[in-house]
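Residue-level listing of the chains:
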Amino acid sequence: MLKRLFQIGKPFAMLVGVVGLFESQERFEMFRDNPFEIMYLNRRVAYFKDYTEQKPSLNPPFSSVYVCHNMLPERIVFEEIEKR
């Protein structure tokens, strides 16, 4: 999916799990060869199981980052999530 987004060339932001993000040779080369930014978040992101849920029900046991292309003002951005 990320490879296709880079090929399209338009700005994008995609929330992905940070574990293993750069571990394969194909992904390493893709990130090496394309300009990108990363937004790190201070907390884990809760997900909706489906569109009918009123509040998130899943808290994954892994951290997520936004991988972006031509979206952020700096290469690495740190943001805080305020959970209520």
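Anything mentioned here points back to the structure above.
Our subject in this report is the structure included herewith.

Parameters at a glance
Residues numbered from 1 in each chain as written. Predicted model: local features only at pLDDT ≥ 70, side-chain atom pairs only at ≥ 80, totals over all residues. Heavy atoms only, no water. Core = buried A, V, L, I, M, F, W, Y, C linked by side-chain atoms within 4.5 Å. Buried < 20%, exposed > 50% of the residue type's maximum accessible area, 1.4 Å probe, protein only. Helix = DSSP H or I, 4+ residues; strand = E, 2+ residues; numbered from the N terminus. Pairing = 2+ DSSP bridges. Axes fitted to C-alpha atoms, helices over the stretch in contact; angles between N-to-C directions.

Formed by L2, L5, F6, F12, V16, L21, M30, F31, F36, I38, V65 and V67, the largest nonpolar core amounts to twelve residues. Going through the elements one at a time, helix 1 (2–8), strand 1 (12–17), helix 2 (25–33) and strand 3 (64–69) are the ones with two or more residues in this core. Per-element accounting of this core gives the leading share, three residues, to helix 1. Counting residues in each nonpolar core, the second largest holds six residues, with M39, V45, C68 and V77 among its members.

A few words now on the sheet that holds strand 1. Strand-to-strand pairing in sheets goes through backbone hydrogen bonds, with the strands running parallel or antiparallel. Strand order in this open sheet of four strands is 1-3-2-4, and the pairing throughout is mixed. Among the strands making up the open sheet, the edge pair consists of strand 1 and strand 4 (76–79). Strand after strand, the sheet turns through a mean of 25 degrees between neighbouring axes, direction not considered. The sheet contact formed by strand 2 (residues 37–41) and strand 3 spans four bridges and is antiparallel. Pairing of Y40 across the sheet is with V65, part of strand 3.

Worth remembering: the numbers are spatial, not functional.
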